[in-house]
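# Results of the structural survey
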Amino acid sequence: MAKQDMESKTKRRSSVSYMTKRSPLDAVIFVIITLGFIIMVYPFYNSFLISIVSKAQYLKTPFMLYPKDVTWQSYEILFRTPTLWDGYKVTLIVVFFGVLYNMFLTTTLAYGLSRKRFPGKGILMNLIIVTMYFGGGMIPSYLLIKKLGLMNRISALILPTGLNTFYMLIMRNYFQSLPASLEESAKIDGARDLTILFRIILPISAPVISTITLFYALDRWNDWFGAVLYIKDVKKYPLQLVLRNALSIVITPEMDHVLKNSIKNKSPMGLKMAALFLSMIPIMCVYPFVQKYFVNGIMVGAIKG
Amino acid sequence: METGMISSSRSKTGRPKKSLVREIKANKHIYLLILPAVLFYLIFHYVPMYGVTLAFKKFNFVKGITGSKWVGLTNFKYIISEPEFWNAFKNTIIISFGKLIWGFPMPIILAILFSELRMNRYKKVAQTVFTFPNFLSWVIVAGFVRAIFADESGVYNALMTMLHLPQKSFLGNPKHFRSLLYLTGIWKGAGWGSIIYLATISSVDPTLYEAAAIDGAGRIRNIIHIKWPAIKSTVVLLLLLNIGGVMSAGFDQIFNLYNPTVYSTGDIIDTYVYRLSFERAPRFEVSVAVDTFKSVINFMLLFSADRFAKLIGERGIF
């Protein structure tokens, strides 16, 4: 507390110093954040080390500060294994077509619901919002997919998650916030709703469109549970599920023996961690550049509420 | 933030008296435009909702949902007599509240710390690092967790051995499994959770700080008298939303981390529903009954949370 008093005294002398001078408090905050920083980064670092050191090294010292006895064998093995790349292929298909489908449904509905009024709008809105809180659940959805004949098809990973109501509402609120005059002048020029949407509204809505696109892409990239339910064929597993299965393999002593013969000095844990890294690299590379769009999204969602 | 916007979404009444048919005709382009999305909701949301009737039926694999026989409350009577259900129910509530107690304050603390950190470049890098795990799937995070907390080859226990401290099993001991859930939940979500508070803090009028500085307020005072009041209503809203979501204790996280040895403390309703549906002898109707039970409680909670929010003068959920 004494420290604090001193601090405020110096501040009274000149209010400018509040923004410039470093105080002990700054040191404390710096230390706390840095400790947090280490805790955040360590799991990544640790897993990466496991993926590149030899088995003997890993078993001797699971706790490593720096790599010793480096081998890239895990990565070489994985590059030769098709499973992971099949997963990549499925995920890319799901993300590409899935996001297109998402954005089509989302923008059309959001735009429609942003129009001032039309008969049935209120009821429709309520029926849509109900789905945010009530759903059939796992089994009814499963039976529906079965009935539709989508079992074991990649489209089963795409079609059921066509629209996220929350994202749609964010977009609708954005459309509503656009000046009405924009659209009126277009109407006077004889433009129809569809033309207005594509020619006028969408181009000036780039910020919200890109944010929502990214949200959808990420959700699709990270999805694995849909495939647990609907996909039986391992070749049609998305990346996350391939990884999940690879990570959850329990290594029994007999299996370890088999692996030993085939991979020589590479631990199964090393392989698992290498697989983990190979499936994480795309997001790691993209995230720093798209972070601001995600932040925008959360702000739009919060402020417009 | 998830649902705060809905209060503004109700349609306004008082439309001019035109003939309904003429009005529908005038808006036909809009109907056409929203038709695909409406079909989507019908097929993928409303058709499964009908499937909830299965909770009151005995499922017949051949005849499907409509052809199955009504059995009244038999399925509910069954789940009430099932200790595994009550175990999952209890765990769901304990884990949810545990997450609330341990995990909910973290983003707030983090946001305040970040707002007080002056090194701007470091702050940016740190924020990227802190928020990143939120964008990873629990599959990947569970991989990290295993590498650190695995019983024999994990880093944690290796470190404990080096320091001559007792080893602990987080993934295989029911006693510690919940702590692991809280810990990993914070690791993954706290950074991203802090963003919404940070945004609110940064929208505070800077002249307030100047005025406070002239009055001799230090930074701690600024936190208590300026920053905290600024985020308070966001805190309340998010807290209520969290309470409304108590019945969902985090399926992805637990499903990727748990195993039979920790069912006694780690099995939640959602994971129990999954096992009822797809493991051993599947019992679809029981699984739907459990799910329905959960939905009803969930809805009641949300509803009361909303009422409570309005009672204390905050924005509601609906």
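Residues numbered from 1 in each chain as written. Chains lettered and ligands numbered in written order. Predicted model: local features only at pLDDT ≥ 70, side-chain atom pairs only at ≥ 80, totals over all residues.

### What about the overall build of chain B?
Secondary structure summary: chain B contains 16 helices and 2 strands in total. Summarising its shape, the C-alpha atoms of chain B cover approximately 75 × 70 × 35 Å along the three principal directions. Looking at chain B as a whole, 40% of its 318 residues are labelled buried. The long-range share in chain B, meaning contacts at least 24 apart out of those at least 6 apart in sequence, stands at 65%. (Helix = DSSP H or I, 4+ residues; strand = E, 2+ residues; numbered from the N terminus. Buried ≥ 20, exposed ≤ 12 C-beta atoms within 10 Å, placed from the backbone. Contact = placed C-beta atoms within 7 Å.)

### With respect to the overall build of chain A
Counting its secondary structure elements, chain A contains 17 helices and 0 strands. A burial count over chain A gives 37% of its 305 residues as buried. Taking as baseline every contact in chain A between residues at least 6 positions apart, the subset at least 24 positions apart corresponds to 75%.

### Regarding the interface of chain B and chain A
A common way to report how large an interface is uses the accessible area buried once the components associate. In this assembly, 80 residues from chain B lie in contact with 84 residues from chain A. In terms of residues, the side of chain B that touches chain A owes the most to one element, helix H2 (residues 28–50) of chain B, which gives 13 residues. Classifying every residue of the side of chain B that touches chain A gives 50 nonpolar, 20 polar and 10 charged. (Nonpolar A, V, L, I, M, F, W, Y, C, P; charged D, E, K, R; others polar.)

### A few points about the environment of lysine 175 of chain B
Secondary-structure assignment places lysine 175 of chain B in helix H10 (residues 174–202). A C-alpha to C-alpha distance of 17 Å links lysine 175 of chain B and valine 145 of chain B, two positions 30 residues apart in sequence.

### Considerations on the nonpolar core
With 114 residues, the main nonpolar core has Met171 of chain A together with Val290 of chain B as its most contacted residues. When residues no more than four places from it in sequence are discounted, the contact partners of valine 290 of chain B are Ile79, Phe85, Ile269, Tyr272, Val273 and Leu276 of chain B. In this structure, Ile195, Ile196, Ile201 and Ile231 of chain B belong to the second largest nonpolar core, which totals 13 residues. (Core = buried A, V, L, I, M, F, W, Y, C linked by C-beta atoms within 7 Å.)

### Describing the packing of helix H11 (residues 206–214) of chain B against helix H12 (residues 219–244) of chain B
All names here are of chain B. Here H11 crosses H12 at 130°, and the two axes come no closer than 11 Å. Considering the angle they form, H11 stands oblique to H12. The chirality of how H11 crosses H12 is right-handed. Contact residues: H11 offers Leu208, Tyr209 and Ala212, while H12 offers Arg221, Asn222 and Ile226. (Axes fitted to C-alpha atoms, helices over the stretch in contact; angles between N-to-C directions. Parallel < 35°, antiparallel > 145°, perpendicular 65-115°, else oblique. Left-handed = near helix turned anticlockwise from the far one by under 90°.)

### Remarks on the environment of proline 179 of chain A
Residues and elements named next belong to chain A. Looking at where proline 179 falls in the secondary structure, it is placed in the loop between helix H10 (165–177) and helix H11 (180–188). Exposure remark for proline 179: the 9 C-beta atoms within 10 Å place this residue in the exposed category. Sequence separation between proline 179 and tyrosine 237 is 58 residues; the distance between their C-alpha atoms is 46 Å.

### Description of helix H5 (residues 83–103) of chain B
All names here are of chain B. Along its 21 residues, H5 runs 29 Å from first to last C-alpha, staying within 8% of the 30 Å computed at 1.5 Å per residue. Buried within H5 are the following residues: Phe85, Ala88, Phe89, Asn91, Thr92, Ile95, Lys99 and Gly103. End-on view of H5: buried residues confined to an arc of 165°, all on one side of the axis. Structural note: H5 exposes Pro83, Trp86 and Ile101 on the side pointing more than 90 degrees away from its buried face. (Expected span 1.5 Å × (residues − 1). Arc of directions from axis to C-beta.)

### Focus on the domain arrangement of chain B
All names here are of chain B. Structurally, chain B comprises domain 1 (15–72) and domain 2 (77–311). Each partner contributes residues to the interface: domain 1 has 7 residues there, and domain 2 has 5 residues. A breakdown of the residues in the side of domain 1 that touches domain 2 according to their chemical character gives 4 nonpolar, 1 polar and 2 charged. (Domains from an automatic or database assignment.)

### A short note on the domain arrangement of chain A
Residues and elements named next belong to chain A. Parsing chain A into structural domains produces domain 1 (22–71) and domain 2 (79–303). Taken over C-alpha atoms, the centre of domain 1 sits 32 Å from the centre of domain 2. In this complex, domain 1 contributes 9 residues to the contact, which on the side of domain 2 involves 9 residues. If you list the elements that add at least two residues to the side of domain 1 that touches domain 2, you get helix H3 (24–52) and helix H4 (55–60).

### Points about unusual backbone geometry
With the exception of glycine, the majority of residues adopt a negative phi angle, and the majority of peptide bonds are in the trans configuration. A positive phi is found at aspartate 69 of chain A, a non-glycine position, where the angle reads about 60°. Position of aspartate 69 of chain A among the secondary structure elements: in the loop between H4 and helix H5 (73–80). Its identity as a non-glycine residue notwithstanding, histidine 164 of chain B has a phi of 60°, on the positive side. The topology assignment puts histidine 164 of chain B in the loop between helix H9 (155–162) and H10.

### Thoughts on H10 of chain B
End to end, H10 of chain B covers 42 Å across 29 residues, agreeing with the expected 42 Å (1.5 Å per residue, within 8%). Bending of H10 of chain B peaks at approximately 45° at the position of glycine 189 of chain B. (Bend = angle between axes of the 7 residues up to and from the residue.)

### Some points on the packing of helix H6 (residues 105–116) of chain B against H10 of chain B
All names here are of chain B. Taken N-terminus to C-terminus, the directions of H6 and H10 make an angle of 55°; their axes are 7 Å apart at the nearest point. Of the possible angle classes, the one that applies to H6 and H10 is oblique. Note that H6 runs across H10; the crossing there is right-handed. Listed contacts from H10 to Met106, Pro107, Ile108, Leu110, Ala111, Phe114 and Ser115 of H6 are Ile186, Ala190, Gly191, Gly193, Ser194, Tyr197, Leu198 and Ile201. Tallied by class, the residues present in the contact of H6 with H10 amount to 11 nonpolar, 4 polar and no charged.

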